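Next come the chains, spelled out residue by residue.
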Amino acid sequence: MLTVKAYAATSATEPLAPTTIERRDLGPHDVLIDIRYSGICHSDIHTARSEWGPTTYPIVVGHEIAGVVREVGPEVTKFTAGDRVGVGCMVDSCRECDNCRKGLEQYCLNGNIGTYGGFDRDGQPTQGGYAQAIVVTEDFVLRIPDGIELDAAAPLLCAGITTYSPLRHWNAGPGSRVAVIGMGGLGHMAVKLAHAMGAEVTVLSQSLKKREDGLRLGADHYHATSDEETFTKLAGSFDLIINTVSAKIDLDAYLRLLAVDGTLVNVGAPEDPLSVHAFSLIPARRSFAGSMIGGIAETQEMLDFCAERGIGAEIEVIPAEKINQAYERVLASDVRYRFVIDASTF
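All of these numbers come straight from a predicted model, not from anything done at the bench.

With that settled, the discussion passes to the sheet that holds strand S12 (residues 221–224). Taken in spatial order, the six strands make up an open sheet running S12-S11-S10-S13-S14-S15, and their pairing is parallel. Of all strands in the sheet, those bounded by a partner on one side alone are S12 and strand S15 (287–290). Neighbour-to-neighbour, the strand axes of this sheet turn through a mean angle of 20 degrees, independent of strand direction. Two strands pair when backbone bridges link them, and strand S14 (residues 258–266) and S15 are joined in this way by four bridges, in the parallel orientation. What sits directly across from Asn-266, in S15, is Gly-290.

What follows covers the packing of aromatic side chains. Scanning the entire structure with this criterion turns up three aromatic pairs. Ring geometry for Tyr-7 against Phe-346: centres 6.1 Å apart, planes inclined by 50 degrees, an arrangement best described as tilted. Of this pair, Tyr-7 sits in strand S1 (residues 2–8) while Phe-346 sits in the segment after strand S17 (338–342), placing them 339 residues apart in sequence. Seen in terms of ring centroids, Phe-231 and Tyr-254 are 5.1 Å apart; in terms of plane orientation they differ by 80 degrees. Their pairing is edge-to-face. Residue Phe-231 is found in helix H7 (residues 228–233), and its partner Tyr-254 is found in helix H8 (residues 251–255); the two are separated by 23 residues along the sequence.

Of all 10 residues that make up strand S3 (residues 30–39), eight are buried, and the element is covered over most of its length. In this sheet, strand S8 (residues 133–137) lies alongside S3 in antiparallel orientation, the contact comprising five bridges. Across the sheet, Val-31 pairs through a bridge with Val-136, a residue of S8. Bridging between S3 and strand S4 (residues 65–72) involves seven bridges; their strand directions are antiparallel. By the bridge assignment, Ser-38 is partnered in S4 with Ile-65. Pairing of S3 with S17 involves three bridges; the strand directions are antiparallel. Within S17, the residue paired with Ser-38 across the bridge is Ile-341.

A word on the state of the cysteines. Per the counting criterion, the structure on display carries zero disulfides. There is no disulfide at Cys-41, and the cysteine sulfur nearest it, in Cys-158, is 3.8 Å away. Taking the relative accessible area as the measure of exposure, Cys-41 reaches 5% and is therefore buried. Here Cys-306 is not disulfide-linked; the sulfur of Cys-158 is the nearest cysteine sulfur, at 13 Å. A residue is classified by how much of its surface remains accessible, and Cys-306, at 0% relative accessible area, is buried.

On to the environment of Ala-17. As for its position among the elements, Ala-17 is in strand S2 (residues 17–23). C-alpha separation for the pair Ala-17 and Glu-321, spaced 304 residues apart in sequence, amounts to 8.5 Å.

How each quantity is defined
Residues numbered from 1 in each chain as written. Predicted model: local features only at pLDDT ≥ 70, side-chain atom pairs only at ≥ 80, totals over all residues. Heavy atoms only, no water. Pairing = 2+ DSSP bridges. Helix = DSSP H or I, 4+ residues; strand = E, 2+ residues; numbered from the N terminus. Axes fitted to C-alpha atoms, helices over the stretch in contact; angles between N-to-C directions. Phe/Tyr/Trp six-rings, centres within 6.5 Å; stacked < 30°, edge-to-face > 60°. Buried < 20%, exposed > 50% of the residue type's maximum accessible area, 1.4 Å probe, protein only. Disulfide = S-S within 2.5 Å.

Following this line, the structure appears as structure tokens:
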């Protein structure tokens, strides 16, 4: 087995620390990837700190992985050594249920295998991208087109597809009015993608301090939700609202911003329950929905879409020794807009 350097969480309260982990031997359909960059997602923090339920330690998190193929198994047909590739939030699924057969592996009825915090087919716990290398079956490896730099591509494997999928599913495009709640790691990608799809884009943020960035990235309008006039002025204005924040908000206030048949989609995942009043939905046939990442085919579609339009994440590249500092900065909203770890520093 291959031994690689990594950073791991050893408990919910201790800082992440250097370690080594083993990657499985290359199977017939496996791809060995030298990781170049790994994005930091809020999900990593939730998991490392057991905020979404018990975590089995030690754990190496990270599911925004961009790198280069070092070696492939003898029966691999999709990739060769030297290819630029990525790995997102899952590394396998049952491949047999109705959802998997429809290309919706993220909703696998038997549970997809997460890039970290899951158990692979060999029964071993999966360990993520805060490491020098990873071995993944070829069907769950994505091709990163030449039109995107690897560091800016890494966050697309989670933040990009998490926002692209609901925008596509709810038909964002010319003539549609899309609002994005939150201007962070997910929100800035939602703005870029909705704009590229041709929608009229509005950012709903607590303050106007990121207004210049929002307009630069493609927003047509930018409003502060701390101003109560915002909710009066924008009532009934949107066909689709993407909520990217991982915090408890007044959903009823935001639902009233939807037009008839509008939908508010939650992609942020706060640890506390959210409540909705029925009369925020009934009078205008509004919907409240949730969305995960996309399937493998849709994720590849997203990467190709971004490459064709020159879209990447806005990033700050850091060495591994600053991961714990980066976690605190994410929680303080002190990043514009995604931290990416240089894997050469593990």
